[in-house]
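A closer look at the structure
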Amino acid sequence: MNRILIVEDEQHLAKGLCFNFEREGYQVEAVETAKDALERLMLNPVPFDVLVLDVMLPDKDGFTVMTELRQAGQLIPTLMLTARGHSADVLRGFEAGADDYLTKPFDLAILLARVRGLLRRREWLQNRAHPPAASGESLQFGTAGEKTVDFDSLELTVRDQVFRLTLMEANLLKYLIRHEGKPLSRKAMIGDVWGLDENTDTRPIDNFIVRLRRYIEDDPTRPRHLVTVRGVGYRFVSKPV
Ligand code: CA
């Protein structure tokens, strides 16, 4: 049974969410403050599978919570609830490490679908449905194959350095590696990796690219793996010469 943590201070909304997630077969816990959320996820960790995090909370805002969680290495798949018409909030959410977002007020069916999407993508990422090997899937790249990304542990190893990726960082990297050599538009990435429609603001993609470059490039200011294709987007080069 998937466990979900809801962080939402509007009680009627939290109640409705609990009811509906429970009806869908989730085990649900709801808290109202950033402090309680951080406690549940960090001090006294319970293995939650998904986090639904509101931005407007009485103590700290959701971006701060997200940032603190990611900085502490808590990489739970997270959907943030942002206010309508604040596209800057979407950027801030992704930048803080959120995996997906939904603007309020939202359609409940869409929220349920997005949460299922996060869980599915996590399974797809970990290939639980079709495990290729007992050890799980990993992909290698780099001129001498010296860089490895493991999709079970979400760890990227670059020589002797290990980076922990968020779910969507890993998903994006997997997508890029699998489409190696092809120029990919931001819209294609946001559609194929996040499952968001083409009207979504694509600027968060660039923040993800900046982060991935920091991990995988020897010199992030002169990228050789994740190359900019002017007027299009990006192209992944597995073995730069
Ligand atoms: Ca709120």
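Thresholds applied
- Residues numbered from 1 in each chain as written.
- Predicted model: local features only at pLDDT ≥ 70, side-chain atom pairs only at ≥ 80, totals over all residues.
- Heavy atoms only, no water.
- Domains from an automatic or database assignment.
- Contact = heavy atoms within 4.5 Å.
- Buried area = accessible area lost by both parts, 1.4 Å probe.
- Salt bridge = Lys/Arg side-chain N within 4 Å of Asp/Glu carboxyl O.
- Polar contact = N/O pair within 3.5 Å; in protein donor to acceptor, adjacent residues only side chain to side chain.
- Helix = DSSP H or I, 4+ residues; strand = E, 2+ residues; numbered from the N terminus.
- Axes fitted to C-alpha atoms, helices over the stretch in contact; angles between N-to-C directions.
- Parallel < 35°, antiparallel > 145°, perpendicular 65-115°, else oblique.
- Left-handed = near helix turned anticlockwise from the far one by under 90°.
- Donors = N, O, S within 2.8 Å, 3.2 Å for Na, K, Ca; no water.
- Buried < 20%, exposed > 50% of the residue type's maximum accessible area, 1.4 Å probe, protein only.
- Core = buried A, V, L, I, M, F, W, Y, C linked by side-chain atoms within 4.5 Å.
- Phe/Tyr/Trp six-rings, centres within 6.5 Å; stacked < 30°, edge-to-face > 60°.
- Lys NZ or Arg CZ within 6 Å of the ring centre and 35° of its normal.

On to the domain arrangement of the protein. When its domains are assigned, the protein resolves into domain 1 (3-126) and domain 2 (138-236). With centres defined by C-alpha atoms, the gap from domain 1 to domain 2 works out at 24 Å. Contacts between the two partners involve 21 residues from domain 1, matched on the other side by 22 residues from domain 2. In this assembly, domain 1 packs against domain 2 so that about 1,900 Å² is buried in total across both faces, 58% of it on carbon and sulfur atoms. If you look at where domain 1 meets domain 2, you find 1 salt bridge. Between glutamate 95 and arginine 211 there is a salt bridge; the shortest N-O distance is 3.7 Å. The tally of links between domain 1 and domain 2 comes to 4 residue pairs in polar contact (both at pLDDT 80 or more). Broken down by secondary-structure element, the contributors of at least two residues to the side of domain 1 that touches domain 2 are α4 (87-96), β5 (100-104) and α5 (108-126). Examining the composition of the side of domain 1 that touches domain 2, we find that 7 residues originate from one element, α5, more than from any other.

Next up on the list: the packing of helix α3 (residues 62-71) against α4. Remark: α3 packs on α4, axes separated minimally by 8 Å, with the N-to-C direction vectors making an angle of 15 degrees. Considering their axes alone, α3 and α4 lie roughly parallel with respect to each other. The handedness of the crossing between α3 and α4 comes out as left-handed. Side by side, α3 and α4 meet where Phe63, Met66, Thr67 and Arg70 of the first sit next to Asp89, Arg92, Gly93 and Ala96 of the second.

The next thing to look at is the coordination of the calcium ion. Distances from the calcium ion to its protein donors, namely Glu8 (OE), Asp9 (OD), Asp54 (OD) and Met56 (O), fall within the range 2.1 to 3.1 Å. Mapped onto the sequence, the donors of the calcium ion take the spacing E-D-x44-D-x1-M. Taken as a pair, glutamate 8 in the loop between β1 (3-7) and α1 (11-23) and aspartate 54 in strand β3 (residues 50-54) lie far apart in primary sequence, 46 residues in all. Both residues of the pair, glutamate 8 and aspartate 54, belong to the buried class.

Turning our attention to the environment of phenylalanine 94. Mapped onto the fold, phenylalanine 94 is located in helix α4. Using a relative accessible area of 2% as the deciding quantity, one classes phenylalanine 94 as buried. Residues phenylalanine 94 and arginine 203, spaced 109 residues apart in sequence, show a C-alpha to C-alpha distance of 10.0 Å.

Further remarks concern the nonpolar core. In this structure, Phe21, Leu156 and Trp194 are the most contacted members of the largest nonpolar core, which totals 54 residues. In terms of residue count, the dominant contributor to this core is helix α6 (residues 167-178) (8 residues). Looking at which domains feed residues into this core, each of domain 1 (3-126) and domain 2 (138-236) gives three or more. Sequence-distant contacts of leucine 156, defined by excluding residues within four places in its chain, comprise Phe141, Thr148, Val149, Gln161, Val162, Phe163, Leu165, Leu173, Tyr215 and Ile216. Among the nonpolar cores identified, the runner-up in size contains 20 residues, and Leu51, Phe63, Leu69 and Ile76 belong to it.

The next thing to look at is the packing of aromatic side chains. Enumeration over the complete set of coordinates arrives at 5 aromatic pairs. A ring pair is formed by phenylalanine 21 and tyrosine 26, whose centres lie 5.2 Å apart and whose planes are at 90 degrees; its orientation type is edge-to-face. Across this residue pair, the class does not change: phenylalanine 21 and tyrosine 26 are buried. Considering the side-chain rings of phenylalanine 163 and tyrosine 215, the 5.1 Å spacing of their centres and the 40 degrees angle between planes classify their relative orientation as tilted. Here phenylalanine 163 is found in strand β9 (residues 161-164), whereas its partner tyrosine 215 is found in helix α8 (residues 203-216), with 52 residues between them in sequence. Tyrosine 215 matches phenylalanine 163 in its accessibility class, with the two residues each being buried. Following the ring pairs from residue to residue traces out a cluster consisting of Phe94, Tyr101 and Phe208. Across from the ring centre of phenylalanine 48, 4.9 Å away, lies the NZ or CZ of arginine 3, which sits over that ring.

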